[in-house]
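The chain contents come next:
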Amino acid sequence: PDYISTEIIEILLKYSVSCVELGIQTINDDVLRYLKRGHTFDDTKKAIGLLKEFKIPFVGQMMIGLPKASIKDELECASFIAENNACGSRIYPTLVLANTDLATQYFDGKYIPLSLDDAIERSANVLKVFLNHNIPCIRIGLCDSENLHSEKTFVAGPNSPSIGEMVKSKVYYDLIVDEIQTQNLKNKPIIIECPMGKTSQIVGQRKKNINKLF
């Protein structure tokens, strides 16, 4: 966000750039400072203001499970991105990679990464914010690569090539449970209808959702 300026935007417009992705990560200044991100929440607000002024859409990238960050921080970051009418979003659960400050903190016991289940739960809650504002989520989790399966690169954290599908599946599960409670359908036979191509997400990996529901 601290890279966006009037001069930069003029260059972007000159080369017909149609969208800018902002690595917001969090809007908590204490967390940003601890992470040495080099920008503040105020920088993020200024960047979005400039992009809006020049009518350039933006995608908001944010992270889950950052050091010092809370669930409240994550939900507020998602709400901020959504309320500023982002054209898209990305959600990245924090991974510990080799030869980083975070790896040192991990080995010293100063940082405990989220479990896969916790990362799915927290990412699903953030995804619901975007869905409620009709903001598409372009990606959840890092793109799978050999580096994420190498002991030389990956150290710890909720690393799964299927995390995006699992997060969406959790959102569907929560929606179904809410509907069952609202309609007082507990212990009653029900039929779940879904759009084409969404069956696997509703059923869940290894029928996880179905097994939990029934």
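The structure reproduced in this document is the subject of the present report. Since we're looking at a predicted model, the values are computed, not measured.

## Section: the packing of helix H4 (residues 71–83) against helix H6 (residues 116–132)
Where H4 meets H6, the closest approach of the two axes is 9 Å, and the angle between their N-to-C directions is 25°. For the element pair H4 / H6, the angle class is roughly parallel. Here the hand of the crossing between H4 and H6 comes out right-handed. In contact with Ile71, Glu74, Leu75, Ala78, Ser79, Ile81 and Ala82 of H4, H6 contributes Arg122, Asn125, Val126, Val129 and Phe130. For the contact of H4 with H6, the class distribution of residues is eight nonpolar, two polar and two charged.

## Regarding the state of the cysteines
Following the criterion strictly, the structure yields zero disulfides and no others. Cysteine 87 takes part in no disulfide bond, and the closest cysteine sulfur to it belongs to cysteine 19, at a distance of 3.6 Å. Note on cysteine 137: no disulfide assigned, nearest cysteine sulfur contributed by cysteine 87 at a separation of 12 Å.

## Examining the nonpolar core
Taken as a class, soluble globular proteins show a tendency for nonpolar side chains to be buried jointly. Of all hydrophobic cores here, the largest spans 39 residues; its most connected members are Leu22, Ile81 and Phe130. Only helix H1 (6–14), strand S1 (20–25), helix H3 (41–53), strand S2 (58–64), H4, H6, strand S5 (137–140) and helix H7 (163–182) provide two or more residues apiece to this core. At seven residues, the largest contribution of residues to this core is made by H6.

## A word on H4
Taking 1.5 Å per residue as the helical rise, H4 with its 13 residues ought to reach 18 Å, and the 18 Å between its terminal C-alpha atoms agrees with that figure. Restricting attention to buried positions, one finds in H4 the residues Asp73, Glu74, Cys77, Ala78, Phe80, Ile81 and Ala82. In this structure, the buried residues of H4 make contact with S1, helix H2 (29–35), H3, S2 and H6. Two residues or fewer past H4, asparagine 85 is found with a positive phi of approximately 60°.

## Considering the pairing of strand S3 (residues 88–93)
S3 sits mainly inside the fold: six of its six residues count as buried. Neither face of S3 is left uncovered, since the one carrying Gly88, Arg90 and Tyr92 and the one carrying Ser89, Ile91 and Pro93 both have all their residues buried. Bridge count for S2 against S3 is six bridges, and the pairing is parallel. Note that in S3 the partner of valine 59 across the bridge is glycine 88. Once the chain exits S2 it traverses H4 before rejoining the sheet at S3, and the crossover so formed is right-handed. With three bridges joining them, S3 and S5 adopt parallel strand pairing. Directly across from isoleucine 91, in S5, lies its bridge partner isoleucine 140.

Conventions we followed
- Residues numbered from 1 in each chain as written.
- Predicted model: local features only at pLDDT ≥ 70, side-chain atom pairs only at ≥ 80, totals over all residues.
- Heavy atoms only, no water.
- Axes fitted to C-alpha atoms, helices over the stretch in contact; angles between N-to-C directions.
- Helix = DSSP H or I, 4+ residues; strand = E, 2+ residues; numbered from the N terminus.
- Parallel < 35°, antiparallel > 145°, perpendicular 65-115°, else oblique.
- Left-handed = near helix turned anticlockwise from the far one by under 90°.
- Contact = heavy atoms within 4.5 Å.
- Nonpolar A, V, L, I, M, F, W, Y, C, P; charged D, E, K, R; others polar.
- Disulfide = S-S within 2.5 Å.
- Core = buried A, V, L, I, M, F, W, Y, C linked by side-chain atoms within 4.5 Å.
- Buried < 20%, exposed > 50% of the residue type's maximum accessible area, 1.4 Å probe, protein only.
- Expected span 1.5 Å × (residues − 1).
- Pairing = 2+ DSSP bridges.
- Right-handed = clockwise from strand over helix to strand, strands pointing away.

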